[in-house]
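# Commentary on secondary and tertiary structure
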Amino acid sequence: MKSHPVLGSYLRLFHAFPTSQSFDVYLDEKKYAKDLLYEDFTVYKALTPGEHQLTICTHRTLDIVYERSVWISEHRIYTLVLAYLPDGSKMQGYLLNDPPKPIPEEHLLIRTANFSQHTSPITLHLEDIKPIFKKIPLRQVGSYLAFITGNVTNMKIPCAMNARDMAKTEVGTPENE
């Protein structure tokens, strides 16, 4: 599959507000997402450039918990992260804006962000590799990191064998499964 340049503008939301409460999302007074749970993303919504009104309500009671206008620029991709204010008192939206970049075939781009209210800066490692993301402070986003995708079968067997050895189990036993 070939990558194509972004032809429009897109917005999605990420519910990073740790609560059991789910939310309904309205964009320009029309329901955009229903029952959005903690740690979930909405689908990308194609939008025309310009100002749009975003309203977040509790799912069952429809109490408004967050409202804001969002300016959408031409040929941009946005993620609005719903998280706590620094004092933990209420919801705040953090608009992440990515310039559109083509993703090469058989590649995956990832990045990480820290919106966890009560954590120190985060560092992420892959096993036996130096950190891939170092000391990302609260309300900050890391750079993109590219990975090659495709057939990873040659990695699965050594990983499974390593896990078995670490767990000190034997082949054919229920513990090994």
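Conventions used here
- Residues numbered from 1 in each chain as written.
- Predicted model: local features only at pLDDT ≥ 70, side-chain atom pairs only at ≥ 80, totals over all residues.
- Heavy atoms only, no water.
- Helix = DSSP H or I, 4+ residues; strand = E, 2+ residues; numbered from the N terminus.
- Contact = heavy atoms within 4.5 Å.
- Buried < 20%, exposed > 50% of the residue type's maximum accessible area, 1.4 Å probe, protein only.
- Pairing = 2+ DSSP bridges.

### Quick word on the environment of Gly-50
Within the fold, Gly-50 resides in strand β5 (residues 50-58). Between the C-alpha atom of Gly-50 and that of Ser-73, which follows or precedes it by 23 residues, the distance is 6.5 Å. With near-sequence residues (within four places) excluded, Gly-50 lies in contact with Val-70, Trp-71 and Ile-72.

### What about the pairing of strand β2 (residues 23-27)?
Within β2, five of the five residues are buried, which leaves it mostly tucked inside the rest of the structure. Going residue by residue along β2, you find Phe-23, Val-25 and Leu-27 tucked away on one face and Asp-24 and Tyr-26 tucked away on the opposite face as well. In this structure, β2 lies alongside strand β3 (residues 30-36), joined through four bridges in antiparallel fashion. In the strand pairing of β3, Leu-27 is matched with Lys-30. A loop of two residues connects β2 with β3, the two strands running antiparallel in sequence, and Asp-28 in this loop sits at a positive phi of about 55°. Direction of pairing for β2 relative to β5: antiparallel, over a ladder of five bridges. Following the sheet pairing, Asp-24 is matched in β5 by Cys-57.

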